[in-house]
Amino acid sequence: VLTSTGAGSPPAFETAAGATGMDDVSDVARATSGLLFNADTAAANTLDDYEEGTWTPTCATGTLTAGRPQYTKIGRVVTVNGFVYSFSDNSTAATVTIGGLPFTSDGYSLGTMTGKGIPAGEGWATENDDSTNMVFISQDTSSSYDYLLHSELQTSGDNNTLIFFSLTYFST
C-alpha cells in the first residue's frame, strides 16, 4: 500500500498485516508478482520488470570503440544509449551494424543519432526486427536517406567519426 503522512511528506510503501505478494526487505517494498494500477486485473497489464545496466556494442564489420553504453528496461520497453567511434572498417560498402543490444527486439523502432564525421551529421537509429542489431540512417551524399555505410565514415584529422545514439524499442 502506498501511504503518505500528509502534505510535504514523501510517500511510503507499507505492507498490510497478512498481505501476500509483497516482500518488505530493508525498507524496500518488492512486488513478487508485479504491480497493477487502479482496479486493473489483467495479467497483460502487470508491470513485472525493471532493470538498468550496461551492454557491449559490437560491429558486424570490423571493430569499434564504445562509450557509456547503457540501457533501461521497464516492462517490455527498452531504451539504449551511448556513443561509438574508432571504426576499423571505413572503406567497405557494408551497412554500419551495431550488435549486442541487451534484449531481442520485437519490431522496428526509431531513435536518434547525431555526431561528426558522418553525412549530414545526424539521422536515425533503428533496430532490425527480431534481432539484437541496430543500424543508422543518414542523409547520404546524394541528399537522400539511406543506411549509413562504412565507406561514409570519416577517419582523418578532427573529423573522425563519432556517433551518439538513443533508441527505444519493444523487446520480445
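Throughout what follows, the structure given in this document is the object of discussion. (Residues numbered from 1 in each chain as written. Predicted model: local features only at pLDDT ≥ 70, side-chain atom pairs only at ≥ 80, totals over all residues. Heavy atoms only, no water.)

## What about unusual backbone geometry?
If you check the backbone angles, Arg-68 has positive phi at about 50° while not being a glycine. With respect to the helices, strands and loops of the structure, Arg-68 is situated in strand S7 (residues 65-74). Positioned with a positive phi, Ser-86 is a non-glycine residue whose angle comes to about 55°. As for its position among the elements, Ser-86 is in the loop between strand S8 (77-85) and strand S9 (97-99). Take Ser-86: its relative accessible area is 44%, and that puts it in the partly exposed class. (Helix = DSSP H or I, 4+ residues; strand = E, 2+ residues; numbered from the N terminus. Buried < 20%, exposed > 50% of the residue type's maximum accessible area, 1.4 Å probe, protein only.)

## Concerning the nonpolar core
The biggest cluster of nonpolar side chains holds 23 residues, and the ones touching the most others in it are Val-80, Phe-87, Met-134 and Phe-136. Elements with a contribution of two residues or more to this core: S8, strand S12 (134-139) and strand S14 (162-170). Element by element, the count of residues in this core is highest for S14, at four residues. Sequence-distant contacts of Val-80, that is, excluding residues within four places in its chain, are made with Trp-55, Gln-70, Tyr-71, Leu-101, Pro-102, Phe-165, Ser-166, Leu-167 and Tyr-169. (Core = buried A, V, L, I, M, F, W, Y, C linked by side-chain atoms within 4.5 Å. Contact = heavy atoms within 4.5 Å.)

## So, the packing of aromatic side chains
Going through the model one piece at a time under the given rule, you end up with six aromatic pairs. Considering the side-chain rings of Phe-83 and Phe-164, the 5.3 Å spacing of their centres and the 45° angle between planes classify their relative orientation as tilted. Taken together, the residues span a long stretch of sequence, with Phe-83 in strand S8 and Phe-164 in strand S14 at a distance of 81 residues. Ring centres 6.2 Å apart and planes at 45° place the aromatic pair Phe-136 and Phe-165 in the tilted group. Highlighted residues: Phe-136 in strand S12 and Phe-165 in strand S14, separated in sequence by 29 residues. Residue classification places Phe-136 among the buried residues on the basis of a relative accessible area of 0%. (Phe/Tyr/Trp six-rings, centres within 6.5 Å; stacked < 30°, edge-to-face > 60°.)

## Considerations on the pairing of S14
Here S14 shows a buried face lined by Ile-163, Phe-165, Leu-167 and Tyr-169 and an unburied face lined by Leu-162, Phe-164, Ser-166, Thr-168 and Phe-170. Examined bridge by bridge, S8 and S14 share nine bridges and lie antiparallel to one another. What sits directly across from Tyr-85, in S14, is Leu-162. In the sheet, strand S10 (residues 110-116) pairs with S14 via six bridges, with the strands oriented antiparallel. Across the sheet, Gly-111 pairs through a bridge with Leu-167, a residue of S14. (Pairing = 2+ DSSP bridges.)

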